[in-house]
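Below, each chain spelled out in residue letters.
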Amino acid sequence: MAVVNQVSFDESGNTGADLLNPDQPVFALASICLSHDQAQKLLAPLQTVQTQETKFSRLRRTSAGRKSIVELLKDQALPNYYPKISVVHKRFMVVTKIVDLLVETLAHEDGLDLYKDGANIAMSNLHFYCMPVFCGEGRTKTFLRRFVEMIRQRTSQSVKRFYTSARLIFENCQDQEYKSSLSPILLSERVVTTVLPNNNKNSVDPAIPTFFQHCAWWGEQLGAPFDTLHDESKPILQEKESLEMFMSQTEDATTIGYDRRKFQFPLRARSIAFGKSSRDSRLQVADVLAGSAAQWALGWLVDKDKRSPFWSEIESVNIAQFMRGAIWPTMDVSPQTLETEHSGGTNPVDAMAAYLHSKKLES
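Residues numbered from 1 in each chain as written. Predicted model: local features only at pLDDT ≥ 70, side-chain atom pairs only at ≥ 80, totals over all residues. Heavy atoms only, no water.

Looking now at the sheet that holds strand β4 (residues 226-231). Strand order in the open sheet made by the six strands is β7-β4-β1-β2-β3-β8, with mixed pairing throughout. At either margin of the open sheet sits one strand with a lone partner, and together these are β7 (269-275) and β8 (323-327). For this sheet, the mean angle separating the axes of adjacent strands, direction not counted, is 20°. Pairing of strand β1 (residues 6-12) with β4 involves four bridges; the strand directions are parallel. Paired with Q6 across the strands is D227, a residue of β4. Of the strands in this sheet, β1, β2 (26-33), β3 (84-89), β4, β7 and β8 touch helix α11 (residues 207-222), which is tilted by about 25° from β2. Contacts from helix α14 (residues 281-299) reach β1, β2, β3, β4, β7 and β8 within the one sheet, and its direction differs from that of β1 by about 40°. (Pairing = 2+ DSSP bridges. Helix = DSSP H or I, 4+ residues; strand = E, 2+ residues; numbered from the N terminus. Axes fitted to C-alpha atoms, helices over the stretch in contact; angles between N-to-C directions. Contact = heavy atoms within 4.5 Å.)

This is the structure in structure tokens:
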């Protein structure tokens with residue numbers, strides 16, 4: 001098989017500013033490394049005379065279209081192109097961002113590293129499951145929405161609204177033991193003026209961290225510099241310059257991060273290009289993968305008896321074999337169950353900040 005070093009990306013479920021849209025609670029990103037000819041061979045059974053663009057959202061409307069999607073997922077050639085998918089539970093991701101941007105910054109100032117032993121993940125899991133139970137579902141929804149608004153607007157009014165909702169969460173907590181874990185969120189008000197200038201509205205968009213993750217995985221997979229082609233994505237386009245600052249083909253990669261979350265840095269991607277799926281068969285394959293992954297992930301948010309036959313068909317072809325990462329809540333809170341027991345490593349945020357600082361000095 002000819003060597004192809006261009007990776008194609010597409011996403012599903014990005015609701016932009018309406019991040020917490022209850023009708024689309026899941027985001028998925030798919031990436032795959034294949035040529036136009038290889039993509040065309042995969043898509044041939046899905047295409048008709050009437051349409052030459054293969055799109056998941058269109059195919060899923062008919063029984064014939066759903067059957068063709070499953071046939072693509074079952075194609076024995078598909079694994080040859082190393083497809084990778086990630087899914088994001090968007091409500092949980094907002095909780096992780098509260099921990100990462102506010103609580104972690106506060107802890108860092110006090111000399112604590114929340115990334116060691118996965119304390120940031122444990123804390124996120126705790127808040128995701130306990131807050132609605134002990135503080136009320138309605139208050140929790142408001143609290144999470146206010147946080148997204150604060151990060152996207154970055155105004156004094158949005159900051160005030162967020163911390164007002166945080167105090168309501170704290171004051172109405174029905175469990176004293178859990179209540180103590182809410183204190184760092186309130187105390188983070190002292191560092192929020194540092195956090196906001198260093199982040200923008202895309203800091204809570206799932207497209208950014210998943211794209212970064214995929215680029216790290218592809219660097220290890222290919223062992224060489226590679227190009228990226230992304231279907232039109234507003235957040236990736238807006239962050240193109242910032243993301244490309246983390247890419248280098250001349251510098252030796254080093255391992256940063258902790259435990260199972262270690263990765264090679266800087267990224268080995270050369271740059272980010274954009275294309276239209278209507279004109280590119282590679283992006284169409286990525287579209288079907290992303291749509292299928294989102295459909296599959298949605299099934300895990302409903303009772304078993306409410307899952308559709310289509311979900312069962314996607315599950316039956318073992319789409320999980322292509323899963324490389326997920327931002328998804330679990331009941332795990334210990335380093336052992338999280339598989340994050342500390343065994344050396346480097347704080348990834350500090351390492352990336354130092355790298356950007358050195359690049360600015362060079363320029």
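Past the structure itself, the notes keep going.
Among the six residues in β3, six count as buried, and that is most of the element. Taking every second residue as pointing to the same face, both faces of β3 are buried, with K84, S86 and V88 on one and I85, V87 and H89 on the other. One ladder, built from six bridges, connects β2 with β3; its direction is antiparallel. Along β3, the bridge assignment pairs L29 with S86. Examined bridge by bridge, β3 and β8 share four bridges and lie parallel to one another. Opposite S86, over in β8, you have G325 as the bridge partner. (Buried < 20%, exposed > 50% of the residue type's maximum accessible area, 1.4 Å probe, protein only.)

By the definition in use, this model includes 14 aromatic pairs. Here the aromatic rings of W300 and W311 are separated by 5.4 Å at their centres, their planes lie at 80°, and the arrangement is edge-to-face. Highlighted residues: W300 in the loop between α14 and α15 (309-316) and W311 in helix α15, separated in sequence by 11 residues. An aromatic cluster is present here, built from F212, F246, F263, F265 and Y355 joined pairwise through their rings. Over the aromatic face of W218 sits the side chain of K84, whose NZ or CZ is 4.1 Å from the ring centroid. Here R307 stacks its cationic end above the ring of W300, 4.5 Å away from the centre of that ring. (Phe/Tyr/Trp six-rings, centres within 6.5 Å; stacked < 30°, edge-to-face > 60°. Lys NZ or Arg CZ within 6 Å of the ring centre and 35° of its normal.)

This part takes up unusual backbone geometry. Of the consecutive residues F265 and P266, the connecting peptide bond is found in the cis state with omega at 5°. Although it is not a glycine, R154 adopts a positive phi angle of roughly 55°. With respect to the element layout, R154 can be found in the loop between α6 (137-153) and α7 (156-171). With relative accessibility at 40%, the residue R154 sits in the partly exposed group. One non-glycine residue, N318, lies in the positive phi region at around 60°. Judged by its relative accessible area of 41%, N318 is partly exposed.

With respect to the helices and strands, the residue S188 is situated in the loop between α9 (183-187) and α10 (192-195). Looking at S188, its side chain comes within polar contact range of the side chain of Y163, at 2.8 Å. (Polar contact = N/O pair within 3.5 Å; in protein donor to acceptor, adjacent residues only side chain to side chain.)

Counting along an α-helix, one turn takes 3.6 residues, and residues three or four places apart therefore face a common direction. Along its 16 residues, α11 runs 22 Å from first to last C-alpha, staying within 8% of the 22 Å computed at 1.5 Å per residue. Of the positions making up α11, those classed as buried are A207, I208, T210, F211, F212, H214, C215, A216, W217, W218 and G219. Of the residues one or two after α11, G223 is the one with positive phi, at around 65°. (Expected span 1.5 Å × (residues − 1).)

Next up on the list: the pattern of salt bridges. Under the defined criterion, the tally for this structure stands at 11 salt bridges. A salt bridge links R167 to E189, with the shortest nitrogen-to-oxygen separation between them at 3.5 Å. Taken together, the residues span a long stretch of sequence, with R167 in helix α7 and E189 in the loop between α9 and α10 at a distance of 22 residues. Judged by its relative accessible area of 33%, R167 is partly exposed. With relative accessibility at 37%, the residue E189 sits in the partly exposed group. Among the salt bridges present, the one from D227 reaches R270, with a minimum N-O distance of 3.3 Å. (Salt bridge = Lys/Arg side-chain N within 4 Å of Asp/Glu carboxyl O.)

Right, let's get into a nonpolar patch on the surface. A surface patch of nonpolar side chains, about 200 Å² in accessible area, is lined by L298, L301 and V302. Position of L298 relative to the elements: it lies in helix α14. Judged by its relative accessible area of 32%, L298 is partly exposed. (Patch = residues over 30% accessible without salt bridge, like charges linked within 9 Å, V, L, I, M, F, W, Y side chains within 5 Å. Areas by Shrake-Rupley, 256 points an atom, 1.4 Å probe, with all protein chains shown as cover.)

Nonpolar side chains in soluble globular proteins generally cluster together in the buried interior. Grouped together as the largest cluster of nonpolar side chains are 65 residues, with contacts concentrated most on L102, F143, F147, M150 and F211. Of the residues forming this core, the biggest block, 11 residues, is contributed by helix α4 (residues 90-109). Filtering out sequence-adjacent residues up to four positions away, L102 remains in contact with K97, F147, M150, F162, Y163, S188, V191, V192 and V195. (Core = buried A, V, L, I, M, F, W, Y, C linked by side-chain atoms within 4.5 Å.)

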